[in-house]
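Tertiary structure, described
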Amino acid sequence: MKTDTQTKAIDVFLEENRRFPPQEAFRKTAWVQSEEIYEKAARDPEKFWAGFAEELSWIKKWDKVLDWKPPYAKWFVGGKLNIAFNCVDRWAKSSLRNKAAIIWEGEPGDQRTLTYWDLYREVNQFASALKKLGVKKGDRIAIYLPMIPEAAIAMLACARIGAVHNVVFGGFSAESLRDRINDAQAKVLITADGGWRRGKMIALKKEADQALTGTPSIQHVIIVKRGEFPLEIQEGRDHWWHRLMQNAEAYSEPEAMDSEDLLYILYTSGTTGKPKGIIHTTGGYLTGVYATTKWVFDLKPEDVYWCTADIGWVTGHSYVVYGPLANGATVFMYEGAPDWPEKDRFWQLIEKYGVTIFYTAPTAIRSFMKWGTEWPAKRDLSSLRLLGSVGEPINPEAWVWYHQHIGRGHCPVVDTWWQTETGMILITPLPGITNLKPGSATKPFPGIEACILNEKGEKSETGGGYLAITKPWPAMLRGIYGDPERYVKQYWSKWPNIYPVTRKTENTSLCNGVYFPGDGAKRDEDGYFWLLGRVDDVLNVAGHRIGTMEVESALVDHPSVAEAAVVGKKHEIKGEAIVAFVTIKEGIQKSDSLVNELRSHVAKKIGSLARPEDIIFSADLPKTRSGKIMRRLLKAIAEGKVLGDVTTLADPEVINRLKQQYEET
Ligand code: WTA
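Conventions adopted
Residues numbered from 1 in each chain as written. Predicted model: local features only at pLDDT ≥ 70, side-chain atom pairs only at ≥ 80, totals over all residues. Heavy atoms only, no water. Near = heavy atom within 4 Å. Polar contact = N/O pair within 3.5 Å; in protein donor to acceptor, adjacent residues only side chain to side chain. Areas by Shrake-Rupley, 256 points an atom, 1.4 Å probe, with all protein chains shown as cover. Helix = DSSP H or I, 4+ residues; strand = E, 2+ residues; numbered from the N terminus. Nonpolar A, V, L, I, M, F, W, Y, C, P; charged D, E, K, R; others polar. Contact = heavy atoms within 4.5 Å. Axes fitted to C-alpha atoms, helices over the stretch in contact; angles between N-to-C directions. Left-handed = near helix turned anticlockwise from the far one by under 90°. Salt bridge = Lys/Arg side-chain N within 4 Å of Asp/Glu carboxyl O. Core = buried A, V, L, I, M, F, W, Y, C linked by side-chain atoms within 4.5 Å. Buried < 20%, exposed > 50% of the residue type's maximum accessible area, 1.4 Å probe, protein only. Pairing = 2+ DSSP bridges. 1 Å grid on protein atoms, 1.4 Å probe; cavity = no way out; pocket = protein on both sides within 12 Å on 5 of 7 lines; lining within 4 Å. Points joined across faces, edges and corners; volume = space filled by probe spheres on them. Right-handed = clockwise from strand over helix to strand, strands pointing away. Domains from an automatic or database assignment. Buried area = accessible area lost by both parts, 1.4 Å probe.

Right, let's get into the site of the ligand. The environment of the ligand is made up of 17 residues, and the closest members are Asp415, Thr416, Thr420, Asp519 and Arg545. At a separation of 3.1 Å, a nitrogen atom of the ligand approaches a polar backbone atom of glycine 391. Protein chains bury 97% of the 530 Å² of accessible surface belonging to the ligand in isolation. Taken together, the elements giving at least two residues each to the shell around the ligand come down to helix H12 (314–326), strand E20 (413–416) and strand E27 (529–534). A breakdown of the residues in the shell around the ligand according to their chemical character gives six nonpolar, six polar and five charged.

Further remarks concern the side chain of asparagine 540. Note that asparagine 540 resides in strand E28 (residues 538–541). From its side chain, asparagine 540 meets the backbone oxygen of glycine 391 in a polar contact 2.7 Å long. The residues contacting asparagine 540, other than those within four sequence positions of it, are Gly391, Glu392, Lys574 and Glu576.

The interhelical angle for the contact between helix H18 (residues 548–556) and helix H19 (residues 592–605), taken along N-to-C directions, is 120°, at an axis separation of 9 Å. Along this stretch, H18 crosses H19, giving a crossing that reads as right-handed. Counted together, Val551, Ala554 and Leu555 of H18 and Leu598, His601, Val602 and Lys605 of H19 form the full contact between these two elements. Partitioned by chemical class, the residues of the contact of H18 with H19 number five nonpolar, one polar and one charged.

A word on the pattern of salt bridges. Taken as a whole and judged by the stated rule, the model has 50 salt bridges. Ionic pairing is found between arginine 112 and glutamate 150, a salt bridge with its closest N-O pair at 3.3 Å. Residue arginine 112 is located in strand E5 (residues 111–115), and its partner glutamate 150 is located in helix H7 (residues 149–161); the two are separated by 38 residues in the primary sequence.

Here the focus is the nonpolar core. Side chains of nonpolar character tend, in soluble globular proteins, to be buried together. The biggest cluster of nonpolar side chains holds 127 residues, and the ones touching the most others in it are Trp49, Leu119, Phe126, Ile190, Phe297 and Tyr322. Of the residues forming this core, the biggest block, 10 residues, is contributed by H7. Listed in part, the 41 residues of the second largest apolar core include Leu177, Trp240, Val566 and Ile606.

What follows is about the pairing of strand E18 (residues 357–360). Side chains Ile357 and Tyr359 project from E18 onto one buried face, and the interleaved Phe358 and Thr360 project onto a second face that is buried too. Note: E18 against strand E19 (residues 386–390), four bridges, orientation parallel. For tyrosine 359, the partnering residue across the bridge sits in E19 and is glycine 388.

If you add up the space inside the second largest pocket, you get close to 420 Å³. Among the elements of the structure, H18 and helix H20 (631–638) are those that each provide at least two residues to the lining of the second largest pocket. Here the lining of the second largest pocket gets three residues from one element, more than from any other, and that element is H20.

This next bit is on the pairing of strand E32 (residues 614–618). With respect to burial, E32 is a largely interior element, four of its five residues being buried. Across four bridges, strand E31 (residues 575–584) lies against E32 in parallel orientation. Pairing of phenylalanine 581 across the sheet is with isoleucine 616, part of E32. Of the crossover connections in this fold, the one passing from E31 over H19 to the parallel E32 is right-handed.

Moving on, we come to the sheet that holds E18. A sheet is described by the order of its strands in space; here seven strands give the open sequence E5-E4-E17-E16-E18-E19-E20, paired in mixed fashion. The open sheet has two edge strands with one neighbour each: E5 and E20. Neighbour-to-neighbour, the strand axes of the sheet open up by a mean angle of 20°, direction not taken into account. Sheet topology note: the strand E4 (residues 100–105)/strand E17 (residues 330–334) ladder contains four bridges and is parallel. Bridge pairing links glutamate 105 to tyrosine 334 in E17.

What follows deals with the domain arrangement of the chain. When cut into domains, the chain gives domain 1 (4–82 + 277–448), domain 2 (116–268), domain 3 (463–534) and domain 4 (543–664). Just the C-alpha atoms count here: the centres of domain 1 and domain 2 sit 27 Å apart. Listed per partner, the contact involves 43 residues of domain 1 and 37 residues of domain 2. Taken over both partners, the interface formed by domain 1 and domain 2 buries close to 3600 Å², and the fraction arising from carbon and sulfur atoms is 59%. Taken as a group, Asn82, Tyr322 and Glu335 account for 19% of the area that domain 1 buries against domain 2, more than any other trio of residues on that side.

Before going further, it helps to spend a moment on unusual backbone geometry. Residue proline 70 is joined to proline 71 through a cis peptide bond whose omega torsion reads 0°. Here the amide bond leading from tryptophan 340 into proline 341 is cis, since omega sits at -5°, within 30 degrees of zero. Within the secondary structure, proline 341 is located in the loop between E17 and helix H13 (345–353). In this structure, threonine 442 takes a positive phi of about 65° despite not being glycine. Within the fold, threonine 442 resides in the loop between E20 and strand E21 (450–453). Despite not being glycine, alanine 542 shows a phi value in the positive range, around 50°. As for its placement among the helices and strands, alanine 542 is situated in the loop between E28 and strand E29 (544–547). When its relative accessible area of 22% is taken as the criterion, alanine 542 is described as partly exposed.

Here it is, written out as structure tokens:
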């Protein structure tokens, strides 16, 4: 728990409305030292992005920087390149050959370091192994791995041969894995016998085996041997990673990929029950993540860079693998939990490996706060020079705590706003020039244009509203896999008839060329953006996106459930927690064991990240006359803002009373 002095210090900071200007020593060596860059990039964004693209290695240079037919963008049209070449070969064939590319520690304490040459060798061999199994350009490969170097190697090997990876977070259940494999029609699954989490083995292959009972597209399964975990091998289909590597060729020619060829599909939750396969392509994506990694984290050759995100999320794609490696950086990777075996594991790792840049989520920061300052205080964190935050709004209190107790008052904190769909950071400080305000992601990255619009599409300079991105950017999504209609509707049609550039698309929906991310935001008098969370039916639980409809479908899948409505409630650590209102079928008895069963059922269907915090039985769900569930009322009930007996809403009268009460307030 917080100590008195800590609480006081944070309060004082916040009361004083304190700003955190860049320290002179930091500014002097930063990549970006002058505000002029904003204006310069705004004047000619295409030229600005092309400048970064020129720092990459192209097999053939592009003919045109941008082809924008809203909502379809093509970047670096006509250009050819290979991402694995850019992230690996370039450095392995340079004076960085012996530099550490990945330094890894497993949860039990085992360690590995791969130099750029090592990474080059492994990626080449694994690419050859995939080819030998018949993998071709354009084939989809599912990856379901723990945080081990093979995760990065597998992604890079796919990129090398032009196969499209589809990484599924290891915390997802067999069913979630199966759905994603089937939607992408993946040909190969790469998994491991298991991984470590809080001293226990997570049996990935066992989970995968369940998924594989219904995945006809899968021809081969490749298994990394992480430990001595028992598993079943299906002859002919299952292969050990290390055996394939023994017989693989040392070199695999990097495929000349078109700038707009697919790099990966990554599933994320939306407002329907079915997750969306977000598509990212090659040239623009690499340019965007390369640029932002370099400038936002002020990445330098001598840094040891640690982003704690799992490879299963977009942050793991853009800022563990592609962005840093495209910069020739040294990436630190850790397999396990932050509180194993003790609550100072992260700080111990920073001390041990001399980590200089540390990028994590507000949820983690709030847990560290709760665990107390004694844990970081025990360790030498003086190697740190920059801190980052991502995944959800960071409350000012957590920001100041992070700045003081981890950054020891001298590290800038970059609060970075972006999404799976945006591929790259869009709103963020630039650490050498931005006066930081705790809780604000500050300003759009140079070349990015954002504003706040109201429901009618009118601009609001300082008030609140919906965040909107008004120009295309290189790493933007290129669509939803297999669902072009949803792409237009979901992201480009929020203000169809109001915004000036409205046009009809081939998918009939009207599009306005303005991207709607689904987040609420406000701007202050300095033009800083303050992100306020989702405005749609998507929850953000501990930085993980979960659709309320997904959880509802999982619940109604249970034989005792007639109807379910899911909302989020504020949670001290996780930001948001899941509350489910459940109507059970007639003749079924409410009981604590049913509550547990339902919670486990959701975990089994989706993954334990979606396990509801509370389940409230309700004889009826409050609906509007048109039959829409009144989520705002349910949210108010869940958060205890509505008086009355809220533990059970068995009596329909209770709902009516609550409805009335709520409508009156
Ligand atoms: C939220 C994670 C406030 C936001 C990179 C967004 C944030 C969703 C921030 C995307 C931030 C992410 N401040 N909110 N710095 N970063 N979000 O796709 O609601 O997993 O829409 O991408 O997380 O989550 P996703």
